Each structure stands twice: as C-alpha cells, then as structure tokens.
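Listed here are the chains, written in short residue letters.
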Amino acid sequence: MTEAGAALSLLLRDFAEKQAGETVDFLEFCSFLGVYAARHTTDRDALAPFAANTREAALGELRALEEEHAAALVDAVDGLKVVVLGVTADRIKGQYEHAASNPYGILPTVNDLPPVFQSLPIPQRPAPEVFFHMLNGTFREDYPLFFIPWPNGLPALVCPTSLPVETLLDAAVTKMRAIFDKDEARQFFLKKLTMANTGREIFARNFFAMFLQSPRETFGILKATGDSYYLWQQLCFFIRQDYDKVRDLPPDAVSQLQSARLIEYVSTYYKDRAKEVLKKENAFAALGFALEEPPYFFEYQTIAAFTDSRGEPLLGQYSEEELRDYLTDQTRERQDDGVPGMFVIKTESGALYYVKKANVLPLLNRLLGDARTTLESALVTDWEGAFREYRRPPEMTEQGAFEGGLERRLRQVSPVLFALLGSTSLPLMLLEGRGRDTEKRRSALFSKTGGLLPYSEILLLSRQALLTEAKRRSPFWRVTPPFSWGAKLLFVIKKSRFFKGRAPKKAPEDGPAEPRRSPPDRQREEIRRAARGVLARLVPEGSTPERELRAYEALWNRQLNRVDRENLTADVDALARDFLRRSMRTLKGPTLDSARIRSLAETLVNLPALQAIGPRSQLLMYLQLYMADVLSGGE
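Residues numbered from 1 in each chain as written. Predicted model: local features only at pLDDT ≥ 70, side-chain atom pairs only at ≥ 80, totals over all residues. Heavy atoms only, no water.

1. Here we look at unusual backbone geometry
Alright, step 1. Residue P295 follows P294 across a cis peptide bond; omega there is 10°.
Alright, step 2. When you line up the elements, P295 lands in the loop between helix 12 (251-291) and strand 6 (297-298).
Alright, step 3. One non-glycine residue with positive phi stands out, namely H69, at about 60°.
Alright, step 4. Inspection of the secondary structure puts H69 in the loop between helix 4 (54-67) and strand 2 (71-76).
Alright, step 5. A relative accessible area of 27% means that H69 is categorised as partly exposed.
Alright, step 6. Not every positive phi belongs to a glycine, and Y296 is a case in point at roughly 80°.
Alright, step 7. Its location among the elements puts Y296 in the loop between helix 12 and strand 6.
Alright, step 8. For Y296, a relative accessible area of 8% gives the class buried. (Helix = DSSP H or I, 4+ residues; strand = E, 2+ residues; numbered from the N terminus. Buried < 20%, exposed > 50% of the residue type's maximum accessible area, 1.4 Å probe, protein only.)

2. Considerations on the layout of surface pockets
Alright, step 1. In this structure, the largest pocket spans a volume of roughly 1000 Å³.
Alright, step 2. Around the largest pocket, the lining comprises 35 residues; the ones closest to its centre are T302, A305, F306, R598 and Q624.
Alright, step 3. Counting residues per element, the ones that place at least two in the lining of the largest pocket are helix 12, strand 6, helix 13 (300-304), helix 25 (519-538), helix 28 (594-605) and helix 29 (616-631).
Alright, step 4. The biggest single contributor to the lining of the largest pocket is helix 28, with five residues.
Alright, step 5. Looking at the lining of the largest pocket residue by residue, the classes come out as 17 nonpolar, eight polar and 10 charged. (1 Å grid on protein atoms, 1.4 Å probe; cavity = no way out; pocket = protein on both sides within 12 Å on 5 of 7 lines; lining within 4 Å. Points joined across faces, edges and corners; volume = space filled by probe spheres on them. Nonpolar A, V, L, I, M, F, W, Y, C, P; charged D, E, K, R; others polar.)

3. Quick notes on the sheet that holds strand 3 (residues 79-84)
Alright, step 1. In space, the three strands of this open sheet follow the order 1-3-2, with antiparallel pairing throughout. Each edge of the sheet is formed by a strand with only one pairing partner; in this case those strands are strand 1 (23-25) and strand 2. With direction set aside, neighbouring strand axes in the sheet form an average angle of 30°.
Alright, step 2. Taken together, the six bridges between strand 2 and strand 3 define a ladder with antiparallel strand orientation. Pairing of A76 across the sheet is with G79, part of strand 3.
Alright, step 3. Across the face of the sheet, helix 5 (residues 85-101) comes into contact with strand 2 and strand 3 while running at roughly 50° to strand 3. (Pairing = 2+ DSSP bridges. Axes fitted to C-alpha atoms, helices over the stretch in contact; angles between N-to-C directions. Contact = heavy atoms within 4.5 Å.)

4. Details of the pattern of salt bridges
Pairing is possible between side chains that carry opposite charge, provided their charged atoms lie close to one another.
Alright, step 1. This model, assessed by the stated rule, comprises 30 salt bridges.
Alright, step 2. R240 is paired through a salt bridge with E264; the nearest N and O atoms lie 2.9 Å apart. Of this pair, R240 sits in helix 11 (residues 228-243) while E264 sits in helix 12, and the two are 24 residues apart along the sequence. As far as burial versus exposure is concerned, R240 and E264 are alike and both buried.
Alright, step 3. Its salt-bridge partner being E525, residue R528 comes within 3.6 Å of it at the nearest N-O pair. Note that R528 and E525 are positioned in helix 25 at a spacing of three residues, about one turn of the helix.
Alright, step 4. Residue classification places R528 among the partly exposed residues on the basis of a relative accessible area of 30%. (Salt bridge = Lys/Arg side-chain N within 4 Å of Asp/Glu carboxyl O.)

5. Some words on the packing of aromatic side chains
Alright, step 1. Within the structure shown, the criterion is met by 23 aromatic pairs.
Alright, step 2. Between F284 and Y318 the ring centres are 4.5 Å apart and the planes differ by 15°, which places this aromatic pair in the stacked class. Taken together, the residues span a long stretch of sequence, with F284 in helix 12 and Y318 in the loop between helix 13 and helix 14 (320-330) at a distance of 34 residues. In this structure, F284 and Y318 share a single accessibility class: buried.
Alright, step 3. A ring pair is formed by F297 and Y353, whose centres lie 5.3 Å apart and whose planes are at 75°; its orientation type is edge-to-face. Within this pair, whereas F297 is found in strand 6, its partner Y353 is found in strand 8 (residues 352-356), the two being separated by 56 residues in sequence. (Phe/Tyr/Trp six-rings, centres within 6.5 Å; stacked < 30°, edge-to-face > 60°.)

So this is what it looks like as structure tokens:
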C-alpha cells in the first residue's frame, strides 16, 4: 500500500464513521477529499495527488485498496458507492461482543447486511473447517469478512476475520444458556438428557447444572476428556430437534439455534482432538514398552520402524518431529540427579544407540557375559595357534600388552559394550542406584577413586588361566623348554624348505556357468535375501548370529543340568523349524521383514508348549534370531 493509499484509507474510514455507516457516496467523498487535501497538502505530502485531480486520483487508489480487500466499489442505481469493509468488520465484531455479555443480543447474519453487500465476493467457510483452524490458531483469510453457512434454510452467519474465537464462543454459550432461562424449557431438556443417559442420571444432572451455574467454566468442560463430549452433542441435538419443528423462527430463536450448532461443532473438534491426544499417548506408551524389550539398545531407524500390538507403525500416530523431541527429552540430563532417563551410546564407527536407564544394567550384564565367552575362546585359540608356530606374542607374557590386547579385541568384538563402559553417564547411573545388583556391578567396573578397572578384571579374564588352558590343549614339545626350542628350530627349517620355489595357485579365470533356477528356487533365494537383511538388523555391530543366539539362550534357558539344557534348546529349535516349515507357503521374499519375523516369533511364544519357558522377552528375541538365521540359510 502506497503512502497516498494509506492516507486515503484513513480518511475514508473517518468519513464513514462520521456518517454512521459503512457505505459512502463516491462523489460526496471526493468533494470532502478535495477540500481536505487542499488544506493539508503543505504538511502532508501524501495528499498532494488528491488536490489537483481528486476523482481520478481517488479512483485509482480505491482500485488498489479494493485489490487489498480494504474497500469495495459498487455501482448502485444512484451512483458509485464505496464500501468501507473495515467499518463493517468493526460493527459486526461489536455485535458479537454485545451478544457475549447480553443473552438477548442477536448474532449477525447475512440478512443484517445492507443490500449492497450482495454483490461483494465475500467467501463462505464451512463451520467445521473454520473451528478447526480457529482453535488450532491456523485460520487465515484475506477478506475482512466471511460467511458460515447453515443447513435447513438458516441464514448464514457473518464473521469478521479479526474476531477472536473466544468471543465467538462466548456469544454462542451466552445465547445457548438463554434457552434455559424459563423453568419449563430447563426441565424439558434436563428430562430428555437424563432419559438419554439411563444409569448415569447423576452425571448428566451435574453436567447440566455446571453448564447453567458456571458459564466461565464452559470451555473447561468443553475441553475436558471423558463423556462430556457426548453430553454436549446430545444437548445440542435435542435443541436442534426441538427448534426444527418450528418453521418461522424469530431472530432470537435463530441465534439460539445457530449457537447450538456452533457448540456442537466445537465439542466435535475437542472430542476428535482428545482422541488424537489419547492415540498419541498410547503410541508413546507402546514406544516405551518397545524400548524395554531386548536387545535393549536401538538405532533411530529401528525406533522409527516400531509397531504397536496391531502391527501398525507407531511413526504416523506421532510425527517424526515429535519422536525426535521425545528422544531429546529422554536423553536430557535431569535436574535432580543429572542422570538422563535414556542413554545415548555412540560407537567408534559413528552409530548411535538409545538405551533406557532401567535397561542399562541388564544390557551390561548380557554384553559382559557374551564378550567374556567370546574373548576367552578367541584368546585361547589364538595362543594355541601361536604355540603351534612356536611363537609367544607379548600379550601372552606381559600383563600390559595383555590389557592392551583386550581393549583392542573388545573394540572389535563388542563396540557397544566398549562405548557403554566409556560413557560418562554410566558412573552417575551406578552411583544413583541403591540396589544390591547396582552396588555389586559398580564395584566390579570402577575403582574406589571412580576410574575404570582394567579390562581383565571387568571381564574376569586371567592371563595365567588363559595361558594354562592354551598349554593344556597343545603338545608338551611345543610349550615345554628345551623341547620347544628344538622343535621350533626344526619347524623353521622345514617351513623354509617346503615353501622354497613354490608358486601360488592361480584361480580359474572362468568359473562354471550358473545353472538356471526354477521359480521355487528363485522364491527361496528371495526369502534368504530378505532374511539376511532382517538378520543384519537384529545382530548388533561387531557381533554374529551365533554369539547373539548363545547370549539369549543363556538368559531364557536356565536349566542347571547340561544335558537338560541342551535338550530344551534342541526342542525349542525343532519346534521353531517345524513352525517355519508349515509357514513357508505364506512367506514371500518381498513381504518378509522384521515385523513379519516378530509376528511369527510371537505366535510361537504364545503356544502352550512354550508358556512355562521364560523370560518371555528373551525367548522372543531368541526365536526371532533363530528364525531369521534358519531362513537365511544359516541352519
């Protein structure tokens, strides 16, 4: 808007208000404008164009104001008219404010507008759309006015765009409460409301009494959860039902009926929003339960792919931004103890894993047990090979090199455990705990000064014990001096003679042609490929399916006798294979994913034969790993 247009808009509004109307005659306004501009040209440069050629300059600026919906030009019978829409919007807004404080005020309708407004392009907006955007704070309308149409021949409601939704609802509530001013009407609608709520008459009476006696709490009742939404809709329906019987309604009754419809739309909005909030709360509750399930640590992509009990994705019931905000809030340090409700573990490869604080200790115990078994087997095997080659690496003979070797191997074997032990939140969490398991684990990980203990003490791996075991598996002439010295000399001589002048074998350039596969073979290959993808998501970084199966088996199979333990595992594996064999007809490669594998495992866990085996979550994770491993061709 130009300076001249702004000055013209102010003068036009002032001229219309002095005439007590929102429509002014163009020629009459031009006469006033020419005189006013001539008098104030010296102190207001913006009025200079209107002093010389008033009509043409005013008409050009009015056309610009019309494009910005600040005014409207209408060709009437008695000449060109200018409609000052801002004055009209203020007048209608005042009517709503009066109706909000006076039960006998009338809500403005299209019939209350002058006939000149019939030719204006005033937009119509459905009531559900208007209240959805108004109550969400997203209502946008360029035109100063808009209509809310009604069914059944009711005149459309006129609303200014600047009208606050609170004022509109105050007016509707005030008009609706005026229906019950008479005792007959109050008793009539109360009886219908209580009859429609048989068995909950007291609840309906309390709702009706609160609506009549506490008008300031009306919005609180509207926003409240529970059955109040249905009572609002029932009450509004009874009012509409009663008023629809009358053909010619007086203006006051029309406003009351419109108010009932307005309140009905608002209660529907809050009811839908309450359902969405409840659905979102249930989704986040399901997310919390899923985070407590094995393997206890999850990447963001895995968390975003979580599903609820019906198999529907949780992402969609809440937005991705809300999920990120939830994770950020959970990983933020608490003000009381400084320990977040969820840990973020970052491995050296850059992978981020989320772990709930309550699951840190079970995860630590499982990873430590798995790492100890894996490293013990690897060290004994490597040292046995070193004895076979008559070598003695430094980690075999020096404690410092042994600790360094453990740290290096732990980085590769269990990067999640290595990152968790180096986390700054772990000591705080262990200091916060007061249970016997927490204190025991704290003393097994950290010294009295707060430093991390050597990895040999954390993993309960003794260099001497491992060396003894490696020697026990090797012949005495490889480990006992001076026999080992002579054997080493013979080994070196023999090895140098054997490999002298020996050329490496060449790999064949062209392998055999790949045989053509039948459709069943292609289908099995698709299943194997999909199962390998599922297995890659189930097995954490640095681990193997065999290690994970062994770790989870130790958690759910608690038989003390070795034979009984092996028999139970064999029975569960056989049951899983038989179940997969029966399910092969319904398995397809393109649809085989983590959710499908989990669904199969849950069906199997719920069988009566496995009800006595627990913990259920550990057995469920074991079966998912086992099924994915079998389908991928690992078994």
